[in-house]
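Below, each chain spelled out in residue letters.
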Amino acid sequence: MNGALLLKPFKTHQRKLQYFLQIDSYTSQLTKEKAQTHSLTSLQCGTLLQLFTNSKSYHKGKQLHAHMISSGLLVENTYLNTKLSSFYAICGNMSEARIIFNDIILKNSFSLNCMIRGYACNGFSLDSLALYREMLFFGQKADNFTYPFVLKACGDLLDVEIGRKIHSEIVIRGLESDIYVGNSLLSMYSKCRDMEAARKMFDRMPIRDLTSWNTMISGYTKNGNPEGALLIFSLMSRSGERADCATLVTVLPACANMRAWKLGRQMHGYIIRNNYGLHISVINSLIYVYCNCNFMVYARWLFEKYERDTVSWNSMILGYAKSGDAFESLRHFNQMLSEGIEPDQVTFIAVLGACDQITALQFGMSVHAFLTRKGFSVHTIVGTALGNLYAKCGRLGCSCQVFEEMPEKNLISWSAMIAAYGLHGKGREAIAVFNQMKAMNIRPDEVTFTSVLSACSHAGLVNEGCDIFYKIAKEYDMERKVEHYSCMVDLLGRAGRLDEAYKLIKTMEVKPTHDIWASLLFACRVHHNVKLAEIAALNAFDLNPKAVVPYISLSNIYAVEKRWDDVERVRAIVRSKGLKKQPGCSYVELEKVVHCFSVGDKSHPQSESIYSKLEDLHWQLKEAGYTPDTSSVLYDVNEEVKEKMLWDHSERLAIAFALINTAPRTVITITKNLRICCDCHTVTKLISKHLGREIIMRDAHRFHHFKNGICSCGDYW
Ligand code: ZN
Ligand code: ZN
């Protein structure tokens, strides 16, 4: 402490003052008695107060305050009262500061600045601005100590209009070129999401320091403009300014969002050259870049080489889940727990997301138990992720229960509940939740509308769907998005109102997507409308030439009409383009282990018994009158081979595996990455009837509950 230096001017009272400092720092208890016997002068108190203000020593300052009251030093002493109110303002006790401040008759700019700063830094932005106005009203001049805090208050209030007015006052006062004021302006504009104004200000700055560059980069990143952030960063590198840790942790997320992995790699080099690898936040940001760009190998390398914390683990768990490797994601979670690292909300959301990709219900349930023990399960975001997982694993009841138990529900939780009902074909329940949400005065957003429309479409509620679709624009004054149209086309198509669906596509306010045409095509297939199917197919081919599904649909439609030449023509196109169906795979969980099957998979240890079970099933079902629908087989092979190819489908392997390994009447839950094919749908219905098994299958579109030979989807999916 530089106490000795400060004491120099007060030679005569040195002993008393030293005594005071001593008791202050060593006995820390200033008793009234001692204070009275060693009374301090007002100048000494001022010096001490300044000392305590600079070091924000709140308790010491309060003791001194008590001493000054008891010794009567504060009476009509503007000097001390100013210092004292500033002390409280800087320490954040604004009510105490204000009481003292109000009694000061001659308020100088120092005390005003301290109060403005205190208000701005302690969340009382409006008071800060009010005092600033008062200051001007009484003819005091604001200076480069006032403006940074007034601007901070504007930024916190997100009030760019007042911010602009203050900016013009700054220009008039000639303070715009002051670097602190300039940086505060940048920060204010970027908080108010006006990056254009921030950029103009930035370009006008005669001198810039590292804070100016960092403020701009983080402003662009936070406002969802990673291109802007990277542009400023390249200007910064060219200007010769060197990046520090703060720069790196703002530029790297921009790289991640832009998937600019090349720049990420350059930054990686820079980080190593400049020894920033010791900063865990920098390494975490770099891991995040690699995870987002799907370079899990590099991410893993960094993760294993450097020090790691919860954030690093979260990045890895989320990174693997996002890159489609849910198994690796869950393995990392297990490892994290075994290393004794405390998981947080983000971890749980990532883990639950990974579980729902592979329908790891039992794993998810043990995570739920863990969450309950840790008290996380009632948290809105985690609870929503948990409810989502249950819904996607086919346990709608559990999903509802989690939702009911959540003490606070936000827009996302409501929308997720609506989506969950929709996924399971419970349209009426979804609409009921939607109405309940409206009754709670929660305004639906576009995602909510997509969920509720999709629920209507899965349940075939045409009138209700049309009504809601109409209300999006009329009642809520919102733009109807592609997703909303997509649901409507599906809804009308399902109901066989193909012409209406086609008309809707033609009058869309946005450009129709490949998926919209594909769903019209699918409806045409179900309702045998070849003419419209051809139109839909051509549009779908145009918009995504690499998607094979529309070709299959069209060829199926021709096949039903027995137009074999056309079937062959479409198949020839598929062959000449070298298009292949995305490999299908199905998951089934057994005792917390998820088993994955691909088409014709023979890698499973139980492969032999699975195939002989399938052979059994085949004959059993044939006797029950099953005739295969080979239309989904695109290859030019004879019927017998086609039929054999159907029996290789991943969902059948998964079902056979589950039948072998579970007790009779156990519900079987299967997840498939693609839409279930017609023949598998028929076979599953038959299995549910003849083997008395309830089978829940989640495909890329929805849930199918197979029971007693009937599917909940009503054969439209
Ligand atoms: Zn199939
Ligand atoms: Zn179904």
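No experiment lies behind these values; they were computed from the predicted model shown.

What counts and how
- Residues numbered from 1 in each chain as written.
- Chains lettered and ligands numbered in written order.
- Predicted model: local features only at pLDDT ≥ 70, side-chain atom pairs only at ≥ 80, totals over all residues.
- Heavy atoms only, no water.
- Helix = DSSP H or I, 4+ residues; strand = E, 2+ residues; numbered from the N terminus.
- Rg over C-alpha atoms; globule rule 2.2 N^0.38 Å.
- Buried < 20%, exposed > 50% of the residue type's maximum accessible area, 1.4 Å probe, protein only.
- Contact = heavy atoms within 4.5 Å.
- Axes fitted to C-alpha atoms, helices over the stretch in contact; angles between N-to-C directions.
- Parallel < 35°, antiparallel > 145°, perpendicular 65-115°, else oblique.
- Left-handed = near helix turned anticlockwise from the far one by under 90°.
- Nonpolar A, V, L, I, M, F, W, Y, C, P; charged D, E, K, R; others polar.
- 1 Å grid on protein atoms, 1.4 Å probe; cavity = no way out; pocket = protein on both sides within 12 Å on 5 of 7 lines; lining within 4 Å.
- Points joined across faces, edges and corners; volume = space filled by probe spheres on them.
- Donors = N, O, S within 2.8 Å, 3.2 Å for Na, K, Ca; no water.
- Pairing = 2+ DSSP bridges.

Asker: Quick question: what am I supposed to make of the overall build of the protein chain here?
Answerer: Along the backbone of the protein chain there are 39 helices and 6 strands. Scaling as 2.2 N^0.38, a compact globule of 717 residues should have a C-alpha radius of gyration of about 27 Å, whereas the protein chain reaches 34 Å, well beyond that. The dimensions of the protein chain, computed from C-alpha atoms along their principal axes, are 115 × 55 × 55 Å. Residues counted as buried form 51% of the 717 residues belonging to the protein chain. Nonlocal contacts in the protein chain, meaning residues at least 24 apart in sequence, comprise 63% of its contacts between residues at least 6 apart.

Asker: Where do I start with the packing of helix 34 (residues 549-560) against helix 35 (residues 564-577) in this structure?
Answerer: Geometrically, a packed helix pair is captured by the angle between its two axes and the distance between the axes. Relative orientation of the contacting elements helix 34 and helix 35 amounts to 160 degrees, with a least axis distance of 8 Å. Taken together, helix 34 and helix 35 sit at an angle that is classed as roughly antiparallel. Handedness of the helix 34/helix 35 crossing: left-handed. Residues Y551, L554, S555, Y558 and A559 of helix 34 pack against W564, D566, V567, R569, V570, R571, I573, V574 and K577 of helix 35. Classifying every residue of the contact of helix 34 with helix 35 by side-chain character gives 9 nonpolar, 1 polar and 4 charged.

Asker: What am I meant to see in empty space enclosed by the protein here?
Answerer: If a probe as big as a water molecule is rolled over the atoms, it shows which places are left empty. Inspection of every chain in the model, using the stated rule, returns 2 cavities of 30 Å³ or more. If you add up the space inside the largest cavity, you get close to 80 Å³. Along the walls of the largest cavity sit G383, T384, G387, N388, S399, F403, M406, S413, A416, M417 and A420, which together make up its complete lining. Broken down by secondary-structure element, the contributors of at least two residues to the lining of the largest cavity are helix 24 (380-392), helix 25 (396-405) and helix 26 (411-423). Taken together, the residues that form the lining of the largest cavity break down as 5 nonpolar, 6 polar and no charged.

Asker: What should I look at first to understand the coordination of the zinc ion (ligand 1) in this one?
Answerer: Between any two of four tetrahedral donors, the ideal angle at the metal is 109.5 degrees; between two of six octahedral donors, it is 90 or 180 degrees. The protein atoms donating to the zinc ion (ligand 1) are H649 (ND1), C677 (SG) and C680 (SG), with metal-donor distances spanning 2.0 to 2.2 Å. Sequence spacing of the donors to the zinc ion (ligand 1): H-x27-C-x2-C. Placement of the pair is H649 in the loop between helix 37 (639-646) and helix 38 (650-661) and C680 in helix 39 (residues 678-690), with a sequence separation of 31 residues. Of the two residues, H649 and C680, neither departs from the other in class, the shared state being buried.

Asker: Looking at this model, I keep getting lost on the sheet that holds strand 3 (residues 668-672). Mind explaining?
Answerer: The strands making up a sheet associate through backbone hydrogen bonding, with each pair oriented either parallel or antiparallel. Spatially, 6 strands are ordered 2-1-3-4-5-6 in an open sheet, and the strand pairing comes out mixed. The open sheet has two edge strands with one neighbour each: strand 2 (593-598) and strand 6 (710-711).

Asker: What is the right way to look at the coordination of the zinc ion (ligand 2) in this model?
Answerer: Within the protein, the zinc ion (ligand 2) binds to H681 (NE2), H704 (ND1), C711 (SG) and C713 (SG); these donor distances fall in the range 2.0 to 2.2 Å. Counting the intervening residues between successive donors of the zinc ion (ligand 2) yields the motif H-x22-H-x6-C-x1-C. Taken together, the residues span a long stretch of sequence, with H681 in helix 39 and C711 in strand 6 at a distance of 30 residues. With a relative accessible area of 1%, H681 lands in the buried category.

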